[in-house]
Amino acid sequence: MSRPVVAARDDLIEWRREFPTVESTLHFISHSLGAMPRGVEEALRQYTHVWKARGIRAWEERWLALPVELGNLLATLIGAEPGSVSMIENVTLAQAVALSAVDFAPPRNRLVCTEEDFPSVLYLYQGLARRGVEVVRVRARDGHHIEASDVASAIDEHTAVVAVSMVSFRISEILDMSPIVQRARAVGAMTLVDAYQAVGTVPVDVGTLGVDLLTGGSVKWLCGGPGAGYLYVSPRLAGSLEPALTGWMAHERPFDFDSGPMRWHGGARRFWTGTPGIPSFSAARPGYEIVARIGVQAIRDKSLRQTQRMLEWADEYAFAVVSPREPARRGGTVVVDVPNAEKVCQALLATDVLLDYRPGVGLRLAPHFYTRNDEVDLVMKRVREEVERAAH
Ligand SMILES: Cc1ncc(COP(=O)(O)O)c(C=O)c1O
């Protein structure tokens, strides 16, 4: 079968040369681990150089400013104000910091989430349940679909926090946040959005969304590697939140070593804890800079074209499509449930086709801004070949 090329021009493909890994693999795994930008090696070399050459002076001269600069760079990606994004090592910890500032005193002792949120944050919410928080998990419909109106109906005057994923990790479905935020606002509940599977591939604007708190990380679409998550706190709220999970870096003057009481830092440092993870923050920067230079809308346009073509191939090969088809609900990943999916995944990984398998939904495959159109065709063909091989 011959299909028309996805787009006559691909303005983003020039960025491919910044990502050496994509030349030696068929890289369809950016929903899990984005490709490493070439600039990371130099960033880490700089980090060790500064440590070696400047010693303790590195903190004042470079390191303390780094997470603030990174947070401000991320702020530009999510339409947030400078100073509203705090770097925290991962999403789980970022959510824990935010939730530690909520007192959940009855009658407002409820947290509303969904069963399709990422397990790590669900474990965190279970921990809160042991401390008296009433955790309400909205059920999925038709497998893994979360209906925004189901979430909105679960929110009432007892709800302190609504914590949901904007794009689900399992089937890459975009949740319509607007009825949820509206309902939360109407009853005085806070919204905490896990936007990890969105930022870098689906445009996110915290102002338009009207959310209070948002978390994300760097490992996936932002190509920033592990150890660099972040928390956005709406400036209308930040000054009133006093996290119980805190530390000396959240103090106005940490180097006074003042034994307390706490005096909160006025900026993004308010949500830091202890010593920041400078090596991982150093490694995260090149990816953020590239995504910021390209712009998420351009990435989204290309993603929609390429995922559409993958869906057409999936139909052609009679793969069961588990991820949404409609552009408005489709995240950056295509999920297909093929027979022997786990075995197929292992066989493909062994031949440098990078994708993953998730129990119950099958294979997850994601193009990104560095993906060539012909690779989209090729990866789907490779999946079909392995499905056939696995059947015999
Ligand atoms: C939606 C979502 N949230 C959270 C995580 C994990 O967060 P972390 O490991 O940064 O705590 C993932 C994936 O790893 C994810 O897909």
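Just so we're clear, the structure is a prediction, and the values are computed from it rather than from any experiment.

Cut-offs applied
- Residues numbered from 1 in each chain as written.
- Predicted model: local features only at pLDDT ≥ 70, side-chain atom pairs only at ≥ 80, totals over all residues.
- Heavy atoms only, no water.
- Helix = DSSP H or I, 4+ residues; strand = E, 2+ residues; numbered from the N terminus.
- Rg over C-alpha atoms; globule rule 2.2 N^0.38 Å.
- Buried < 20%, exposed > 50% of the residue type's maximum accessible area, 1.4 Å probe, protein only.
- Contact = heavy atoms within 4.5 Å.
- Areas by Shrake-Rupley, 256 points an atom, 1.4 Å probe, with all protein chains shown as cover.
- Lys, Arg positive; Asp, Glu negative; His and termini not counted.
- Charge placed at Lys NZ, Arg CZ, Asp CG, Glu CD.
- Pairing = 2+ DSSP bridges.
- Near = heavy atom within 4 Å.
- Polar contact = N/O pair within 3.5 Å; in protein donor to acceptor, adjacent residues only side chain to side chain.
- Nonpolar A, V, L, I, M, F, W, Y, C, P; charged D, E, K, R; others polar.
- Core = buried A, V, L, I, M, F, W, Y, C linked by side-chain atoms within 4.5 Å.
- Salt bridge = Lys/Arg side-chain N within 4 Å of Asp/Glu carboxyl O.
- Right-handed = clockwise from strand over helix to strand, strands pointing away.
- Axes fitted to C-alpha atoms, helices over the stretch in contact; angles between N-to-C directions.
- Phe/Tyr/Trp six-rings, centres within 6.5 Å; stacked < 30°, edge-to-face > 60°.
- Lys NZ or Arg CZ within 6 Å of the ring centre and 35° of its normal.

Colleague: It is not clear to me how the overall build of the chain should be interpreted in this structure. Could you clarify?
Modeller: Scanning the chain from terminus to terminus reveals 14 helices and 13 strands. Here the C-alpha atoms of the chain give a radius of gyration of 22 Å, agreeing with the 21 Å that 2.2 N^0.38 yields for 392 residues. Projected onto its principal axes, the C-alpha coordinates of the chain cover approximately 70 × 55 × 35 Å. Residues classed as buried in the chain amount to 56% of the 392 residues present. Considering only residue pairs separated by 6 or more positions, the chain has 70% of its internal contacts joining residues 24 or more positions apart. For the chain, the accessible area works out to roughly 16600 Å², and carbon and sulfur atoms hold 53% of it. Separation of charge centres in the chain, based on 43 positive and 47 negative side chains, amounts to 3 Å.

Colleague: Is there a simple way to think about the pairing of strand S2 (residues 85-88) in this case?
Modeller: One face of the sheet, then the other: side chains in a regular strand alternate in exactly this way. Of the two faces of S2, the one holding Val85 and Met87 and the one holding Ser86 and Ile88 are both buried throughout. Sheet analysis places S2 next to strand S8 (residues 229-233), joined by 4 bridges and oriented antiparallel. Paired with Met87 across the bridge in S8 is Tyr230.

Colleague: In this structure, what is going on with the site of the ligand? I would like to understand it.
Modeller: The ligand sits among Asn90, Val91, Thr92, Phe118, Phe169, Asp194, Tyr196, Gln197 and Lys220. For the ligand, a nitrogen atom lies 2.6 Å from a polar atom in the side chain of Asp194. The separation between an oxygen atom of the ligand and a polar side-chain atom of Gln197 is 3.0 Å. In the shell around the ligand, the residues fall into 4 nonpolar, 3 polar and 2 charged.

Colleague: Would you mind going over the nonpolar core with me for this structure?
Modeller: As a rule of thumb, nonpolar side chains are buried together in soluble globular proteins. One finds Ile78, Val151, Met177, Leu214, Tyr288 and Phe369 to be the most contacted residues of the largest nonpolar core, which totals 65 residues. Take this core: its biggest share by element is 7 residues, from helix H11 (residues 278-294). With residues up to four places along the chain from it excluded, the contact list for Tyr288 reads Leu70, Leu73, Leu74, Met87, Ser218, Leu222 and Ala228. With 30 residues, the next largest nonpolar core counts Val97, Val133, Ala160 and Ala238 among its residues.

Colleague: Quick question: what am I supposed to make of the pattern of salt bridges here?
Modeller: Pairs may arise between side chains of opposite charge once their charged atoms sit close together. Considering all chains together, one arrives at 29 salt bridges under this definition. With a shortest N-O distance of 3.1 Å, Arg16 and Glu23 are connected by a salt bridge. With a relative accessible area of 53%, Glu23 lands in the exposed category. The salt bridge partner of Arg45 is Glu42, with a shortest N-O separation of 3.1 Å. Of the two residues, Arg45 and Glu42 both sit in helix H2 (residues 39-54), 3 residues apart, roughly one turn of that helix. Via salt bridges that share partners, Lys381, Arg382, Glu385, Glu386 and Arg389 belong to a single interconnected network.

Colleague: For this particular structure, what's the right way to read the pairing of strand S3 (residues 110-114)?
Modeller: Burial runs high along S3: 5 of the 5 residues are buried. On S3, burial covers both faces: Arg110, Val112 and Thr114 on one face and Leu111 and Cys113 on the other are all buried. Taking the sense of rotation as the criterion, the β-α-β connection linking S3, helix H6 (residues 119-130) and strand S4 (residues 134-138) turns out right-handed. As paired strands, S3 and strand S5 (residues 159-165) are joined by 3 bridges and run parallel to one another. What sits directly across from Leu111, in S5, is Val161.

Colleague: Looking at this structure, I do not really get the sheet that holds strand S7 (residues 213-216). What am I missing?
Modeller: Adjacent strands of a sheet form backbone hydrogen bonds with each other and so pair up, either parallel or antiparallel. Ordered by their spatial adjacency, 7 strands build an open sheet running S2-S8-S7-S6-S5-S3-S4, and the pairing between neighbours is mixed. Only two strands of the sheet have a single neighbouring strand rather than two, namely S2 and S4. Put simply, the sheet's adjacent strands are angled 20° from each other on average, direction ignored. Here S5 runs beside strand S6 (residues 190-194); their pairing, made up of 5 bridges, is parallel. Among the inter-strand pairings, Ser165 is bridged to a residue of S6, identified as Asp194.

Colleague: I'm lost on the packing of aromatic side chains in this one. Help?
Modeller: Each pair of aromatic rings is reported with the distance of its centres and the angle of its planes. A full pass over the atoms with the stated rule returns 12 aromatic pairs. Ring geometry for Phe19 and Tyr370: centres 4.7 Å apart, planes at 50°, overall tilted. Here Phe19 is found in the segment before helix H1 (21-24), whereas its partner Tyr370 is found in the loop between strand S13 (362-365) and helix H14 (373-391), with 351 residues between them in sequence. Just as Phe19 is buried, Tyr370 falls in that class too. Here Trp313 and Tyr317 contribute two aromatic rings whose centre-to-centre distance is 5.4 Å and whose plane-to-plane angle is 25°, an arrangement assigned as stacked. Comparing Trp313 with Tyr317, the two get one shared label, buried. Each member of the aromatic cluster is reached from another via a ring pair, and the members are Tyr47, Trp51, Trp59 and Trp63. Lying over the aromatic face of Tyr196, Lys220 brings its terminal NZ or CZ to 4.7 Å of the ring centre. Taking NZ or CZ as reference, Arg269 lies 5.8 Å from the ring centre of Trp272, over its face.

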